[in-house]
Amino acid sequence: MKNPLKNSALGITLISILLGLFVGALILLFIGYNPIEAYSVMLNGIFGSVRYLSWTIIYATPIILTGLSVAFAFKTGLFNIGAEGQYIVGALTAALVGYYVPMPTLLHIPFVLICSITAGSLWGSIAGYLKARFGVNEVISTIMLNWIALYLNNFFVLNEKIKRPGSEATNKILDSAKIIFFDVWKKSPDGQAFRKAHPFFNDIFRTPANAGFLIAILAAVLVLLILNKTTLGYSLKAVGFNKDAAEFGGINIKSSMISSMAIAGGLSGLAGAVQVTGFTREASALAAMEGYGFEGISVALIGANNPIGCVLAGLFYGALKYGGSKIQPRIGAPYEIISIIMGTIVLFIAMPKLIRMMKITKKKEAE
Amino acid sequence: MNNYDFDQIAVEMKGITQKFGSLVANDNIDLTVHKGEVHALLGENGAGKTTLVNSLYGLYHPTSGDIFINGEKVVMDTPNVAIGHGIGMVHQHFMLIKPFTVVENIILGKETHKHGVLDMERATKEVMELSERYGLTIDPTACIQDITVGMQQRVEILKTLYRGADILILDEPTAVLTPQEILDLIKIINNLTDQGKTIIIITHKLKEIKDVADFCTIIRRGKKIDTVKVADVSESDLASMMVGREVSFKVDKEESEPGDIVLEVNDLHVKDNRDIPAVEGLSLKVRRGEILGIAGVDGNGQNELVDALTGIRKAESGEVLVNGNNILGLNPRGILDHKVSTIPQDRQKRGLVLEYSIAENIIIENYKKAPFSRKGWLNFPAIREYARKLVKEFDVRPDDENYISGSLSGGNQQKVIIAREISNNPDLLIAVQPTRGLDVGAIEYVHKALVAQRDKGKAVLLISLELDEVINVSDRIGVIYEGKIVGEVKAEGADENEIGLMMAGGSNS
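Model, not experiment: these values are computed from the prediction.

**Brief notes about the overall build of chain B**
Looking only at helices and strands, chain B has 17 helices and 24 strands in total. For 509 residues, the compact-globule formula gives about 23 Å, and the C-alpha radius of gyration of chain B, at 24 Å, lands near that figure. Expressed as lengths along the three principal axes of its C-alpha atoms, the size of chain B is roughly 70 × 50 × 50 Å. The buried share among the 509 residues of chain B stands at 54%. Summarising the internal contacts of chain B: among those between residues at least 6 apart in sequence, 67% fall at separations of at least 24. For chain B, the accessible surface area stands at approximately 21,900 Å², while carbon and sulfur atoms represent 48% of it. Charge separation in chain B, taken as the distance between the mean sites of 58 positive and 76 negative side-chain charges, equals 5 Å.

Shown next, in the form of structure tokens:
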């Protein structure tokens, strides 16, 4: 109790992050790069300018949402490895609805988001239904649904009628569906003049800065409210903690599992929508998983399954991804070091006992 | 009994104080146990008995105080240190791997091997030697999931002996046993002390202390009250020392005045998990203002009957009427809505969400109703206020409705469940083993609560493996055997032997 760092989840997370960065530094040193140089390039690449910060947030946005998705499922006793597939389905839906259903902006954006959330929800609830009805473990079913989503995506994207000629992607979504800030105006003569006069905003407008981050924060608050303040969250958590007691108390555990996976799926679907309407503007054929869903698992773990924790962990991961992308061109150190650092952090977080032991031995040595 | 050697002190704990935050679980407790003695630790739920032995076993680290084993001062950092000093512990909830065999469980962590290959033959031989030496009858090749609770406990005891334990700590060993199994355990304990083992037994069953223990240390609210020679005191002396007041063992109640039929079960058939008929043509009736007790040996269909009545398990056929409405086939929610409340047998599995606070557990059946929630939003002030009232009324300790249920002692967990179920104001209250693992003070409390329900004109169905309890509390007794009610007697003046015979399948008619 004397040392709050040792026992709190936050303390363990912070120590794990430091250890992860330390292991990353060791590896950099081992393969012949100066870790101080690499990390300062990275830091400068994150905080060096407003533009970099804007990019960091753009990188963080989808993984905050998939992180929330995984964390929500965790809180209710389910392991959603299917965030990836739900993301794909959400992104595909956004690309299609964003192009084929013209509407005024004020309607189009919410419509696209709702369609993607619905698609992700349905995709997630398939796994929930299989578990409730047939007892299929959601880990297995969501992994398989990831692949089904990937090939479903390719089936649609590569369809001659949908594919944009000369590409392996859908048509770019209409301007009315974009959540990029002032995307049309910033390229107009008026906007250009404004940008010249205000270098700060110019820096931001050089990136596809978008409303996705605000949506992600809103989603985090919503998840927090659902989990802690609503009857829905109460019952879902009860099922997650002890489904026998929940069942005995009259809670329908089967429909709880389905609801929980539907909400988790909706969050990942939203991640896909935000990425398409805010950044890529299209869905492309996928040769492999993009990894946003899997990164969400790391985000959820680092964020201790806490919605606010997920926002912070997502920003951290986004920063490493973006800042880390600069070390290869600058000093030649491999980008993969970022994955190693993230993996190490998750590993340490999964071993809270190890960290406690280390702290205890340190104390003893001090004595 | 009487195998102890006054000159050799096996365990000495001096001035043990254990604080958890502001809670003082053990307050300067001394404990001396001689070699070959059976020493009982007696105390109410939450008095600090388990905390004390957990310090001895290295699971907790006392805030202050010293531990001496055979005269040598030992710092119990981890259970491994304790095991190294010949201490073995059998927990109340067994720590066995269910799909593994008896021998596999016993040797786990200390496997015999020949060039790195598991030597099962030698292991089995060693285990059987131990088993014969101490009279711990087991089937070495059976899987844990297929053997009785009594045998599982013997496996736990063998596990500690296999690791060379000389001092055995048994945490509430009889809580889960049938009367016959308790007799067997007492024999085993005597065998063990015959051969020089020292036993510390945590219990709150006074009869067993009288039967088996040499000395008894009484702990109340974290403080040691006294250590007494068991032969010199009576059960009621022990009870009043433990609770701090006089306790009555008899349940005071008026003659029942049965009213309309609330529960009527006709020709019920239910299958168990293995798809084998467990309840076969069971019929019973419970009226308003009476307690029907179901006596029977464990495994005669009681669990399946309760599961069917509460909607957890589907029945094959039959009829269950509550106030004339058939509730068979409804889910648990629907049955609750018919004003049926149940105190489940396993409070940690079915009764509580251990991660939730007391308040959150109190509302689990009613969280969707006003004032606990409105339009899907929980109303925490109302929930807490309601829970605080119940915590006070039912004397849950600590009296903090935000306390996490998993940290409560067993008896207080049970109080939370009873508070919840009774506050539902049900027409039918089903109580399954409601005093399992509780101390006399709490048992008295539960029994009074059941009788109070009856006196308020509720129907009460009591299902218990403790024959004393069934006879004391009930108005009528039905005996269940192989899934049927094989006989019914009035509780008033019931003959224990006659009921016992029916429970064993002997016919009295």
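Following the structure, the description resumes.
**As for helix α7 (residues 138-157) of chain A**
Residue and element names in this part refer to chain A. Its 20 residues give α7 an end-to-end C-alpha distance of 27 Å, which sits within 8% of 28 Å, the value for a rise of 1.5 Å per residue. By the burial criterion, the buried members of α7 are E138, S141, T142, L145, N146, A149, L150, N153, N154 and V157. Contacts from the buried residues of α7 go to α5 (83-100), α6 (105-134), α13 (253-280) and α14 (292-302). At the N-terminal end of α7, a side-chain oxygen is found 2.8 Å from the backbone nitrogen of V139, two or three residues along, and the residue is N137.

**Notes on the pairing of strand β14 (residues 277-287) of chain B**
All names here are of chain B. Where strand β13 (residues 261-271) lies against β14, eight bridges are found, and the strand directions are antiparallel. Bridging from a neighbouring strand, L263 pairs with V286 of β14. If you look at the hairpin formed by β13 and β14, you'll find five residues sitting between the two strands, and D275 has a positive phi there, around 70 degrees.

**Examining the domain arrangement of chain A**
All names here are of chain A. Under the domain assignment used here, chain A contains domain 1 (1-31 + 334-367) and domain 2 (49-332). Relative to domain 2, the C-alpha centre of domain 1 lies at a distance of 29 Å. Each partner contributes to the interface: domain 1 provides 11 residues, whereas domain 2 provides 12 residues. Around 1,200 Å² of area is buried between domain 1 and domain 2 when both sides are counted, 81% of it from carbon and sulfur atoms. Sorting the residues of domain 1 by area buried against domain 2 places Y335, I338 and M342 first, and these three jointly supply 47% of that buried surface. In this structure, the connection of domain 1 to domain 2 is made through zero salt bridges. Counting across the domain 1 and domain 2 interface gives two residue pairs in polar contact (both at pLDDT 80 or more). Breaking the side of domain 1 that touches domain 2 down by element, the ones donating at least two residues are α2 (9-30) and α17 (337-349). The element that contributes the greatest number of residues to the side of domain 1 that touches domain 2 is α17, accounting for seven residues. For the side of domain 1 that touches domain 2, the class distribution of residues is 10 nonpolar, one polar and no charged.

**Focus on the sheet that holds β14 of chain B**
All names here are of chain B. Strands sit in the order β14-β13-β16-β17 across an open sheet of four strands; the sheet is antiparallel. Each end of this open sheet is capped by a strand with a single partner; those strands are β14 and β17 (325-326). As judged from the two bridges shared by strand β16 (residues 315-322) and β17, these two strands associate in the antiparallel manner. Paired with L321 across the strands is N326, a residue of β17.

**Focus on the interface of chain A and chain B**
Accessible area lost when the parts come together is the quantity often used to give the size of an interface. In this complex, chain A contributes 20 residues to the contact, which on the side of chain B involves 27 residues. When the two sides are added together, the surface that chain A and chain B hide from each other amounts to roughly 2,100 Å², 63% of it contributed by carbon and sulfur. The largest per-residue losses of area from chain A upon contact with chain B belong to T231, Y234 and F248 of chain A, which jointly make up 37% of the total buried on that side. Remark: the boundary between chain A and chain B carries two salt bridges. Between R350 of chain B and E247 of chain A there is a salt bridge whose closest N-O contact spans 3.2 Å. Our enumeration of links across chain A and chain B arrives at 12 residue pairs in polar contact (both at pLDDT 80 or more). Those elements that provide at least two residues to the side of chain A that touches chain B are α10 (212-229), α11 (231-241) and α12 (243-248) of chain A. Top element by residues in the side of chain A that touches chain B is α11 of chain A. It accounts for seven residues. Classifying every residue of the side of chain A that touches chain B gives eight nonpolar, eight polar and four charged.

**Notes on the pattern of salt bridges**
Residues and elements named next belong to chain A. As enumerated under the stated definition, the model contains 31 salt bridges over all chains in all. In this structure, E138 engages K131 in a salt bridge whose closest nitrogen and oxygen atoms are separated by 2.8 Å. By relative accessible area, E138 is classed as buried at 6%. With relative accessibility at 22%, the residue K131 sits in the partly exposed group. In this structure, D183 engages K178 in a salt bridge whose closest nitrogen and oxygen atoms are separated by 3.0 Å. Just as D183 is buried, K178 falls in that class too. Salt bridges linked by common partners bring D175, K178, D183 and K187 together as one network.

**Some remarks on the packing of helix α3 (residues 35-47) of chain A against helix α4 (residues 50-75) of chain A**
All names here are of chain A. Taken N-terminus to C-terminus, the directions of α3 and α4 make an angle of 90 degrees; their axes are 5 Å apart at the nearest point. On the basis of the axis angle, α3 is roughly perpendicular to α4. In this structure, α3 uses N44, G45, I46 and F47 to contact α4, whose residues at the interface are Y52, L53 and T56. Of the residues assigned to the contact of α3 with α4, the class counts are four nonpolar, three polar and no charged.

**Considering the environment of G259 of chain B**
Residues and elements named next belong to chain B. Of note, G259 is situated in the loop between α8 (235-243) and β13. Residue classification places G259 among the partly exposed residues on the basis of a relative accessible area of 25%. Contact partners of G259, with chain neighbours within four places excluded, come to R287 and R288.

**Quick notes on the side chain of E181 of chain B**
All names here are of chain B. Along the chain, E181 falls in helix α6 (residues 179-194). Buried and unpaired, E181 has R154 as its nearest opposite-charge partner, separated by 5.9 Å. There is a polar contact of 3.1 Å between the side chain of E181 and the backbone nitrogen of G150. What E181 contacts, discounting residues up to four positions off in sequence, is T148, V149, G150 and V176.

**So, the side chain of S69 of chain A**
When you line up the elements, S69 of chain A lands in helix α4. Setting aside residues up to four positions removed in sequence, S69 of chain A forms contacts with N80, A83, Q86, A264, G265, L267 and S268 of chain A.

**Comments concerning unusual backbone geometry**
Comment: phi is negative for the bulk of residues other than glycine, and the bulk of peptide bonds are trans. Residue and element names in this part refer to chain B. Put simply, A370 and P371 share a cis peptide bond, and its omega is 0 degrees. Along the polypeptide, P371 turns up in the loop between α12 (358-362) and β19 (373-374). Note the cis peptide between R397 and P398, where omega equals 0 degrees. Note on placement: P398 falls in the loop between α13 (380-393) and α14 (410-423).

**Here's the deal with the nonpolar core**
Residues L65, L68 and I327 of chain A are the most contacted members of the largest nonpolar core, which totals 84 residues. Two domains each provide a minimum of three residues to this core, namely domain 1 (1-31 + 334-367) and domain 2 (49-332) of chain A. Those residues in contact with I327 of chain A that sit more than four places away from it in its chain are A38, V41, M42, G332, A333, P334 and I337 of chain A. One finds L42, L161, I189 and V440 of chain B within the second-largest nonpolar core, a separate group that totals 51 residues.

**Re empty space enclosed by the protein**
Evaluation of the coordinates by the stated rule reveals four cavities of 30 Å³ or more. Considering only enclosed or pocket space, the largest cavity measures out at about 80 Å³ in volume. Forming the boundary of the largest cavity are F248 of chain A together with T310, I312, P332, I335, L336, V340, S341, T342, E365 and E421 of chain B. The residue makeup of the lining of the largest cavity, split by class, is six nonpolar, three polar and two charged.

Conventions we followed
Chains are numbered independently. Their residues run from 1 in the order of the written sequence. Chains and ligands are labelled sequentially in the order written, the chains with letters from A and the ligands with numbers from 1. pLDDT decides what is reported in this predicted model: residues at 70 or higher carry local features, side-chain atom pairs at 80 or more are listed and counted, and totals for whole chains, interfaces and linings draw on all residues regardless. Only hydrogens and water are set aside when side-chain values are computed; all heavy atoms of the structure are taken into account. Helix and strand definitions here come from DSSP, where helices need a minimum of 4 consecutive H or I residues and strands a minimum of 2 consecutive E residues; each element is numbered from the N-terminal end. Values of the radius of gyration come from C-alpha atoms, whereas the globule rule sets the reference at 2.2 Å times the count of residues to the power 0.38. We call a residue buried when its accessible area falls under 20% of the maximum for its residue type, exposed when it is over 50%, and partly exposed in between, using a 1.4 Å probe and counting protein chains only. In this analysis, two residues are considered to be in contact whenever any of their non-hydrogen atoms come within 4.5 Å of each other. For accessible areas, the Shrake-Rupley method is used with a probe of radius 1.4 Å. Any residue's cover is judged against the shown protein chains and nothing else. This count recognises Lys and Arg as positive and Asp and Glu as negative, with His and chain-terminal groups excluded. By convention, charge coordinates are those of NZ in Lys, CZ in Arg, CG in Asp, or CD in Glu. To estimate how far a helix should reach, multiply one less than its number of residues by 1.5 Å. Pairs of N or O atoms within 3.5 Å make up the polar contacts considered here, provided that, within protein, one atom can donate a hydrogen while the other can accept it, and that residues adjacent in sequence are counted only when both atoms are side-chain atoms. Strand pairing is defined by DSSP finding a minimum of two bridges between the two strands. Where each domain begins and ends is defined by an automated method or by a domain database. Throughout, the accessible surface (probe 1.4 Å) given up by two parts as they are put together, summed over both, is called the buried area. Here, a salt bridge means any side-chain nitrogen of Lys or Arg that lies within 4 Å of a carboxyl oxygen of Asp or Glu. Throughout this entry, Asp, Glu, Lys and Arg are counted as charged residues, while Ala, Val, Leu, Ile, Met, Phe, Trp, Tyr, Cys and Pro are counted as nonpolar. The remaining residues, Gly among them, count as polar. The angle between two axes is taken between their N-to-C directions and runs from 0 to 180 degrees, where each axis is a line fitted to C-alpha atoms and a helix contributes only its stretch in contact. If an angle is under 35 degrees, it is roughly parallel; if it is over 145, roughly antiparallel; if it lies from 65 to 115, roughly perpendicular; otherwise it is oblique. Here, nonpolar core means buried Ala, Val, Leu, Ile, Met, Phe, Trp, Tyr and Cys residues that are tied together by side-chain atoms lying within 4.5 Å of each other. The rule is simple: put a 1 Å grid over the protein atoms alone, call a set of points where a 1.4 Å probe fits but cannot get out a cavity, call an open set with protein on both sides within 12 Å along at least five of seven lines a pocket, and count a residue as lining if it has an atom within 4 Å of a point. Grid points are joined across faces, edges and corners, and a volume is the space filled by probe spheres set on the points.

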